[in-house]
Amino acid sequence: MLTRNNLSSIYVLDQDEALTFYTEVLGLEVGADMDFGPMRWLTVRVPGDQKEILLERPGAPAHDEITAAQVRDLVTKGAGGGWLAFTTEDVQGMFEKVEASGVEITQEPMEQPYGTDFAIRDPFGNHIRIGSLKQWDQQH
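What this report covers is the structure whose coordinates are included nearby. (Residues numbered from 1 in each chain as written. Predicted model: local features only at pLDDT ≥ 70, side-chain atom pairs only at ≥ 80, totals over all residues. Heavy atoms only, no water.)

### Quick word on the sheet that holds strand S1 (residues 7-11)
Strand order in the open sheet formed by 4 strands is S1-S4-S3-S2, and the pairing between neighbours is mixed. Each edge of the open sheet is held by one strand with a lone partner, namely S1 and strand S2 (29-35). Here the strands of the sheet are splayed against their neighbours by 25 degrees on average, with no regard to which way each runs. Both S2 and strand S3 (residues 40-45) contribute to a ladder of 6 bridges, which runs antiparallel. Within the sheet, the bridge partner assigned to Val30 lies in S3 and is Val44. Docked against the sheet, helix H1 (residues 15-25) engages S1, S2, S3 and strand S4 (52-56), running at close to 10 degrees with respect to S3. (Pairing = 2+ DSSP bridges. Helix = DSSP H or I, 4+ residues; strand = E, 2+ residues; numbered from the N terminus. Axes fitted to C-alpha atoms, helices over the stretch in contact; angles between N-to-C directions. Contact = heavy atoms within 4.5 Å.)

Structural data, given as structure tokens:
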């Protein structure tokens, strides 16, 4: 039986730029940053959380150069398949912070059936939703 989701991954085109965005704009912390041979193993996480997000650059060892170029093209178009969702206690305050940083906003804060959230894209095209969730009766 599985006990938790330990690691997720999204593709980024520049790990240094990704590190700046995810730590300085969104407020995540570095989980790991090490030379892993053919790749840089760079993870971030919400402070205090155990689950990490690998900021993965398309390329070796997972991809040959032709495939890596195709993945980079898809990521740039916002079609890389990666997206993240974060919760916050202060949706409006977080929105104002990311808006002031100049990130691409794809949806301003709005009420949804599940809570209130907004949507942005990271510098590489990955979709990110940030919001607060309503309490659900999980028996139904």
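### Some remarks on helix H3 (residues 91-100)
For H3, the complete set of buried residues consists of Val91, Met94, Phe95 and Val98. Here the buried residues of H3 occupy an arc of 100 degrees about the axis, which is enough to place them on one side. The inward-facing, buried residues of H3 contact H1, strand S6 (104-112), strand S7 (115-121) and strand S8 (127-133). Just downstream of H3 lies Gly102, where phi reads positive at about 90 degrees. (Buried < 20%, exposed > 50% of the residue type's maximum accessible area, 1.4 Å probe, protein only. Arc of directions from axis to C-beta.)

### Points about the environment of Lys97
Tracing the chain through its elements places Lys97 in helix H3. You can call Lys97 partly exposed: its relative accessible area is 39%. Measuring from C-alpha to C-alpha, the distance between Lys97 and Gly48 comes to 21 Å, with 49 residues separating the pair along the chain. In this view, Lys97 contacts Glu24, Val25, Leu26 and Gly27; residues no more than four positions away in its chain are not counted.

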